[in-house]
Amino acid sequence: MNTISPAALGEALDALRSRGPLVQCLTNVVVTGWTANVLLAAGAAPAMVDNPVEAGIFAAAADAVLINVGTPYAETVEAMRAAANAATVAGTPWVLDPVAVGGLPWRTEVAFSLLGSSPTVIRGNASEVLALTGGRGGRGVETVDTPESVIGEARTLAGDRDTVVAISGAVDHLTDGDRVVRVANGHPWLTRVTGVGCALGALTAAFAAVSDDSLLGASAATAMLTVAADAAAARTAGPGSFATALLDELHNLAPADLTTRVRLA
Amino acid sequence: MNTISPAALGEALDALRSRGPLVQCLTNVVVTGWTANVLLAAGAAPAMVDNPVEAGIFAAAADAVLINVGTPYAETVEAMRAAANAATVAGTPWVLDPVAVGGLPWRTEVAFSLLGSSPTVIRGNASEVLALTGGRGGRGVETVDTPESVIGEARTLAGDRDTVVAISGAVDHLTDGDRVVRVANGHPWLTRVTGVGCALGALTAAFAAVSDDSLLGASAATAMLTVAADAAAARTAGPGSFATALLDELHNLAPADLTTRVRLA
Amino acid sequence: MNTISPAALGEALDALRSRGPLVQCLTNVVVTGWTANVLLAAGAAPAMVDNPVEAGIFAAAADAVLINVGTPYAETVEAMRAAANAATVAGTPWVLDPVAVGGLPWRTEVAFSLLGSSPTVIRGNASEVLALTGGRGGRGVETVDTPESVIGEARTLAGDRDTVVAISGAVDHLTDGDRVVRVANGHPWLTRVTGVGCALGALTAAFAAVSDDSLLGASAATAMLTVAADAAAARTAGPGSFATALLDELHNLAPADLTTRVRLA
């Protein structure tokens, strides 16, 4: 029996659509446009404010913040620190996406230091999550571990840090240290489109803005993206048309359909 | 009676296609690729030269320049100042897109300082235009005002600065301080695709390069984008396929069709 | 008679798919997402690590490196130098894409200095290649020369530098100084989508990782992209849908189809 119900996921999507949360994104230069389009299609309002002069000011006013360390630069890392601090002070929920941490020392140090600002959710692939518990990291931005193999470490991380850890994979695993949610929707083409995980981090921030239960919010984001992916893959011919259709499906997904189609394992 | 005729808009598009103006873009990291694709589809030649060493050199040789302050950094703001100065000295037409000014102090100061280099056209949403006249700005990158509600301030701004002000919205409003043009084409999905307004700024620069009348050029850019959007929305299922179709429609739009389909209100 | 056989191109694609090389990209901000999507669709694994702290570390471990100078900044140029040096020391194959060199002095100096780190392949348009031999460069990022008109200079450049020079154009020309390969596939819409040449540079790096013969690898990259473009253009209505279909075709192209459809001239 799952601790998060399909009906609750649909209600979370309904709340997202009603409120259209303003999500500040400090993310990598590969996925900025795609991330904004995913948020817009889903019903949120993106704002990419990632310079150190403005990032903290904006984080205090935004409904949620995403910090993704995929392409760090001196100036944007300074902005990430300012945004994380300001979000914590203001009580703005924020999501950490530790892209490729483990193998690369600078971003690993940055990610660990950001952990000190108490992210609401940590979203990554299995190797990235493992790296945050002292593991070795993946191969570039790709994982060499599975959610199943790191869920134990993820539960400990979530419990120790009082956060939610969302691990993307063939079956996504999410935990708040106590409960574990597994979402079995999705398609292999999700790994053939750049930035799907990064955009999921942004969508997770959007749901964090409208959910009192952070595990529910993160689960709704994962469910929404992967349920939309199922529908997109069913009518497309490859990763290009799939990515385009994914935006359409995110836009057109009704809360009731999310409830019906999600496969909680 | 309109001061800009549908036939003149078609002629402007014909000039754009004949001359293929080289448009230098200093724009935000969210929309670079999309902006370049919109310019290429329409018939212009984009070049994103936005570092301080090269920006001024290039602005003196380009056919037009776009400066969009959506994601300012120390280095790119320096490049924007160099490009605006060089464009003014060389007589290169240039467009200012004051993304999210008003609420954020740094970019607001940057935008006001760039105003001193006499932009040929200012293109923004209603809240951004209002902010340039001392108003409060919008919600992130989104407007909380309508073109109708700020057209008075826009006329004053255009008259005082000897420029054209183009305000995007459900009905786009454009003015040179004297004349006012209203374009009623377009579709709500334009607000569900990131960077449509930003790309319109670039397209406005492209038309500025081929139009002696700056209000005509800006109106042609707005008309081209929104007429193409009408056709794209009519055959697509959501914002993803709409954005893809919009590029096709921009590429395939004939001058005569622009003249026929534009709705000047 | 060609020195590279169609069958060898198919075998190179087979090797790419089997090995999924990890390609580090230091590229311009216009094309990051598109480049990653082209690599993913083709079967490679992109990683955009372009900061000076991490670029050299990553280049020593990556299977191949792309360095594209399209939008240089102080920090990313430093990263490019670190990556090129580390790649050379580690024996990692790497590709130089000299975007818009010739007309702009800073990037031209950067490109010439990177030449000292012995790129495995240089990929550019005809004007860019000519600029590397002392010529004047093109119009922004567009060429004003043809591959046919610069193949002599390209052969000299390739011979002098012990590298392969790949020149994109209506008929692509590639040479190692001795042999010359001509690929006649492709479609004019390739010039109406931003970053196709840039993505070809990244794909060239991917094939360099799996090919002992660098001319064969570069030819396979060009053949794969242009054969896929033929198929994409045949079923689409403009540059937007063409770009989407190109990703699908890259993903679905079988080695045997590459061998059959390539037109070596």
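For the structure itself, look to the data block above.
So, here's what we can say about the structure. (Residues numbered from 1 in each chain as written. Chains lettered and ligands numbered in written order. Predicted model: local features only at pLDDT ≥ 70, side-chain atom pairs only at ≥ 80, totals over all residues. Heavy atoms only, no water.)

1. Some points on helix α1 (residues 6-19) of chain B
All names here are of chain B. For α1, with 14 residues, the first-to-last C-alpha span of 20 Å sits near the 20 Å given by 1.5 Å per residue. Those residues of α1 that sit buried are Ala8, Leu9, Gly10, Ala12, Leu13 and Leu16. Of the surrounding secondary structure, the elements contacted by the buried residues of α1 are α2 (32-42), α8 (196-208), α9 (214-234) and α11 (255-261). Where α1 terminates, the next one or two residues include Gly20, which has phi positive at roughly 50°. (Helix = DSSP H or I, 4+ residues; strand = E, 2+ residues; numbered from the N terminus. Expected span 1.5 Å × (residues − 1). Buried < 20%, exposed > 50% of the residue type's maximum accessible area, 1.4 Å probe, protein only. Contact = heavy atoms within 4.5 Å.)

2. Some points on the nonpolar core
Grouped together as the largest cluster of nonpolar side chains are 66 residues, with contacts concentrated most on Leu9, Trp34, Phe207 and Leu246 of chain B. With 13 residues, the top contributor of residues to this core is α9 of chain B. (Core = buried A, V, L, I, M, F, W, Y, C linked by side-chain atoms within 4.5 Å.)

3. Looking at the side chain of Asn125 of chain C
Residue and element names in this part refer to chain C. Within the fold, Asn125 resides in strand β5 (residues 121-125). There is a polar contact of 3.1 Å between the side chain of Asn125 and the backbone nitrogen of Ser127. Ignoring any residue separated from it by four or fewer positions in sequence, one finds Asn125 in contact with Val141, Glu142, Thr143, Ile167 and Ser168. (Polar contact = N/O pair within 3.5 Å; in protein donor to acceptor, adjacent residues only side chain to side chain.)

4. Regarding the pattern of salt bridges
Across all of its chains, the model carries 33 salt bridges over all chains by this definition. Residue Arg123 of chain A pairs with Asp97 of chain A through a salt bridge whose shortest N-O separation is 3.1 Å. Highlighted residues: Arg123 of chain A in strand β5 (residues 121-125) and Asp97 of chain A in strand β4 (residues 94-97), separated in sequence by 26 residues. The shortest N-O distance in the salt bridge between Arg107 of chain A and Glu54 of chain C comes to 2.6 Å. Taken together, the residues span two chains, with Arg107 of chain A in helix α5 (residues 105-115) and Glu54 of chain C in the loop between β2 (45-47) and α3 (55-61). Each member of the pair, Arg107 of chain A as well as Glu54 of chain C, carries the same accessibility label: buried. Members of the salt-bridge network, linked through shared partners, are Asp63 of chain A together with Arg139 and Glu142 of chain B. (Salt bridge = Lys/Arg side-chain N within 4 Å of Asp/Glu carboxyl O.)

5. Focus on the sheet that holds strand β2 (residues 45-47) of chain B
Residue and element names in this part refer to chain B. A sheet is described by the order of its strands in space; here eight strands give the open sequence β2-β1-β3-β4-β5-β6-β7-β8, paired in mixed fashion. Because the sheet does not close on itself, it has two edges, and the strands there are β2 and β8 (180-183). Geometrically, the sheet is characterised by an average inter-axis angle of 20° between neighbouring strands, direction not taken into account. In the sheet, strand β1 (residues 22-26) pairs with β2 via three bridges, with the strands oriented parallel. Following the sheet pairing, Leu22 is matched in β2 by Ala45. Packing of helix α7 (residues 147-161) onto the sheet brings it into contact with β5 (121-125), β6 (164-168), β7 (172-175) and β8, and relative to β6 it is tilted by some 165°. (Pairing = 2+ DSSP bridges. Axes fitted to C-alpha atoms, helices over the stretch in contact; angles between N-to-C directions.)

6. Considering the interface of chain B and chain C
On the side of chain C, 26 residues touch chain B, which itself brings 30 residues to the contact. Together chain B and chain C conceal approximately 2,200 Å² of surface at their shared face, both sides included; 59% is due to carbon and sulfur atoms. Broken down residue by residue, the surface that chain B buries against chain C is led by Leu40, Glu54 and Asp248 of chain B, which jointly contribute 23%. The interface formed by chain B and chain C holds two salt bridges in total. Here chain B is connected to chain C by eleven residue pairs in polar contact (both at pLDDT 80 or more). (Buried area = accessible area lost by both parts, 1.4 Å probe.)

7. Quick look at unusual backbone geometry
Positive phi, normally seen in glycine, also occurs at Ala100 of chain B, with a value near 60°. The exposure class of Ala100 of chain B is buried, given its relative accessible area of 8%.

8. Examining the sheet that holds strand β4 (residues 94-97) of chain C
All names here are of chain C. Read from one edge to the other, the open sheet built from eight strands follows the order β2-β1-β3-β4-β5-β6-β7-β8, with strand pairing classed as mixed. Every interior strand has two partners, whereas the edge strands, β2 and β8 (180-183), have only one. When strand polarity is set aside, the average angle formed by the axes of neighbouring strands in this sheet is 20°. With four bridges connecting them, strand β1 (residues 22-26) and strand β3 (residues 64-68) associate as parallel partners.

9. Let's talk about the state of the cysteines
All names here are of chain C. Per the counting criterion, the structure on display carries zero disulfides over all chains. As a non-bridged cysteine, Cys25 has Cys198 as the owner of its nearest cysteine sulfur, 11 Å distant. A relative accessible area of 0% places Cys25 in the buried class. (Disulfide = S-S within 2.5 Å.)

10. Some thoughts on the relation of the copies chain B and chain C
With an RMSD of 0.0 Å, the fit of chain B onto chain C corresponds to turning through 120° and sliding 0.0 Å along the axis. Expressed as an axis order, the relation between the two copies is that of a three-fold axis. In terms of proximity to the rotation axis, the leading residue of chain B is Val29 of chain B, whose C-alpha is 3.9 Å off the axis. Little of the interface of chain B is mirrored in chain C, where only 3% of its interface residues are also at the interface. (Least-squares fit on C-alpha atoms with pLDDT ≥ 70 in both.)

11. Description of the relation of the copies chain A and chain C
For the match of chain A to chain C, the screw axis carries a shift of 0.0 Å, the RMSD comes to 0.0 Å, and the turn is 120°. A share of only 4% of the interface residues of chain A reappears at the interface of chain C, consistent with the copies meeting through non-equivalent patches.

12. Let's talk about the interface of chain A and chain C
In many analyses, interface size is given as the accessible surface area lost on bringing the parts together. Contacts between the two partners involve 26 residues from chain A, matched on the other side by 30 residues from chain C. Note on chain A versus chain C: buried area summed over both sides is about 2,200 Å², and carbon and sulfur give 59% of it. Our enumeration of links across chain A and chain C arrives at two salt bridges. With a shortest N-O distance of 3.4 Å, Arg139 of chain A and Asp63 of chain C are connected by a salt bridge. Remark: the boundary between chain A and chain C carries eleven residue pairs in polar contact (both at pLDDT 80 or more). Of all the elements in the fold, those that place two or more residues in the side of chain A that touches chain C are α5 and α10 (239-252) of chain A. In terms of residues, the side of chain A that touches chain C owes the most to one element, α10 of chain A, which gives four residues.

13. Considerations on the packing of α10 of chain A against helix α10 (residues 239-252) of chain B
Where α10 of chain A contacts α10 of chain B, the two axes come as close as 6 Å, and the packing angle between them is 135°. As summarised for this structure, α10 of chain A and α10 of chain B are arranged oblique, according to the angle between their axes. Listed contacts from α10 of chain B to Thr244, Leu247, Asp248 and His251 of chain A of α10 of chain A are Pro239, Gly240, Ser241 and Thr244 of chain B. (Parallel < 35°, antiparallel > 145°, perpendicular 65-115°, else oblique.)

14. Considerations on the packing of helix α4 (residues 74-90) of chain B against helix α5 (residues 105-115) of chain B
Residue and element names in this part refer to chain B. At a closest axis distance of 10 Å, the pairing of α4 and α5 adopts a crossing angle of 15°. Here α4 is positioned roughly parallel relative to α5, judged by the angle of their axes. Note on packing geometry: the crossing formed by α4 with α5 is right-handed. Of the residues in α5, those touching α4 at Ala74, Val77, Met80, Arg81 and Ala84 are Trp106, Glu109, Val110, Ser113 and Leu114. (Left-handed = near helix turned anticlockwise from the far one by under 90°.)

15. A closer look at the environment of Met80 of chain B
Locating Met80 of chain B in the fold gives a position in helix α4. Between the alpha carbons of Met80 of chain B and His173 of chain B there is a distance of 26 Å; along the sequence they are 93 residues apart.

16. What to know about the pairing of β4 of chain C
Residue and element names in this part refer to chain C. On β4, burial covers both faces: Trp94 and Leu96 on one face and Val95 and Asp97 on the other are all buried. Bridge count for β3 against β4 is four bridges, and the pairing is parallel. Bridge assignment links Ile67 to a residue of β4, and that residue is Leu96. For the crossover from β3 across helix α4 (residues 74-90) to β4, the handedness is right-handed. Judged from the two bridges that link them, β4 and β5 form a sheet pairing that is parallel. Among the inter-strand pairings, Val95 is bridged to a residue of β5, identified as Val121. The parallel pair β4 and β5 is bridged by helix α5 (residues 105-115), and the resulting crossover is right-handed. (Right-handed = clockwise from strand over helix to strand, strands pointing away.)

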